[in-house]
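# Coordinate analysis (summary)
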Amino acid sequence: MLDADLDLINAACNGDTEAIERMLLQYYPTVLRFARKYCATPEDVEDAVQETLWIASQKIGTLRVASAFVAWLFRVVRNQCYQMLHYKQHEEAIADFGDASEVSSEQSVLLKQDVIQALARLPLRYREVLILRDIEGLSGAEVAHQLDLTLATVKSRLHYARATMRQALASWRETD
């Protein structure tokens, strides 16, 4: 990293709004190229880049070492791309259960009860992985660290938990 870049990043870290703007403009093409590698669609790329630059502008003051800025920025954009992918998968899963506007409030209450019962029937080791990953939104690595498991174990348990939930809630799927 050039000294001029470090000076710009240091100024941005110290709250210089002009430096923040210049830094964001300077790193925009780099963030865009990086996002294209991780995001699924061009729309996701645009959203991830915008979100990343906003986060960078808001959180730059928390950066302790200016030379770590680029690595931090790449981590932020990668996480944004993964979050968008996660949300898309979540939306698709919800769509599998039909249009929410077609569900009455009584059906909604019954569905919630069935979901809670299905979760309660899962063995704890599967339930905690499912809750941390799909409800709390932690990454697989974060779940593994929190539960002191290997990533492979987390993935295996998550696969089993999701399959079991899918099977338990199969009666709610819209039939053609």
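Only a predicted model underlies this, so the values are computations on that prediction, with no experimental measurement involved. (Residues numbered from 1 in each chain as written. Predicted model: local features only at pLDDT ≥ 70, side-chain atom pairs only at ≥ 80, totals over all residues. Heavy atoms only, no water.)

### Quick look at the nonpolar core
- In terms of nonpolar packing, the biggest core is built from 30 residues, with I9, M23, I60 and F69 touching the most fellow members.
- Secondary-structure elements contributing two or more residues to this core are α1 (3–13), α2 (17–38), α3 (42–59) and α4 (69–96).
- In terms of residues, this core owes the most to one element, α2, which gives nine residues.
- L138, V143, V154 and M165 belong to the second-largest nonpolar core, a separate cluster that totals 15 residues. (Core = buried A, V, L, I, M, F, W, Y, C linked by side-chain atoms within 4.5 Å. Buried < 20%, exposed > 50% of the residue type's maximum accessible area, 1.4 Å probe, protein only. Helix = DSSP H or I, 4+ residues; strand = E, 2+ residues; numbered from the N terminus.)

### Overview of the packing of aromatic side chains
- The full count for this structure, using the stated rule, is six aromatic pairs.
- Judged by centre distance (4.9 Å) and plane angle (40°), the ring pair of F34 and Y38 falls under tilted. Here the residue F34 and the residue Y38 both occupy positions in helix α2, the gap between them amounting to four residues, near one helical turn.
- Residue classification places Y38 among the partly exposed positions, given a relative accessible area of 31%.
- Members of the aromatic cluster, each reached through a chain of ring pairs, are F34, Y38, F74 and Y82. (Phe/Tyr/Trp six-rings, centres within 6.5 Å; stacked < 30°, edge-to-face > 60°.)

### Some remarks on helix α8 (residues 151–168)
- Here α8 contains 18 residues, and its C-alpha end-to-end distance of 25 Å stays within 8% of the 26 Å for a straight helix at 1.5 Å per residue.
- Looking at α8, one finds that the buried residues are V154, R157, L158, A161 and M165. Buried residues along α8 cover an arc of 105° about the axis, so they all sit on one side. In α8, the exposed positions that point more than 90 degrees away from the buried face belong to A152, K155, H159 and Q167.
- Packing partners of the buried residues in α8 comprise α5 (105–121), α6 (124–135) and α7 (140–147). (Expected span 1.5 Å × (residues − 1). Arc of directions from axis to C-beta. Contact = heavy atoms within 4.5 Å.)

### Overview of the pattern of salt bridges
- A full pass over the atoms with the stated rule returns two salt bridges.
- R22 is paired through a salt bridge with E18; the nearest N and O atoms lie 3.5 Å apart. Placement of the pair is R22 and E18 together in helix α2, with a separation of four residues, close to one helical turn.
- Between D134 and R162 there is a salt bridge, and its shortest N-O distance comes to 2.6 Å. (Salt bridge = Lys/Arg side-chain N within 4 Å of Asp/Glu carboxyl O.)

### Side note on unusual backbone geometry
- With a phi angle near 55°, D148 is a residue other than glycine that sits in the positive phi range.
- With respect to the helices and strands, D148 occurs in the loop between α7 and α8.

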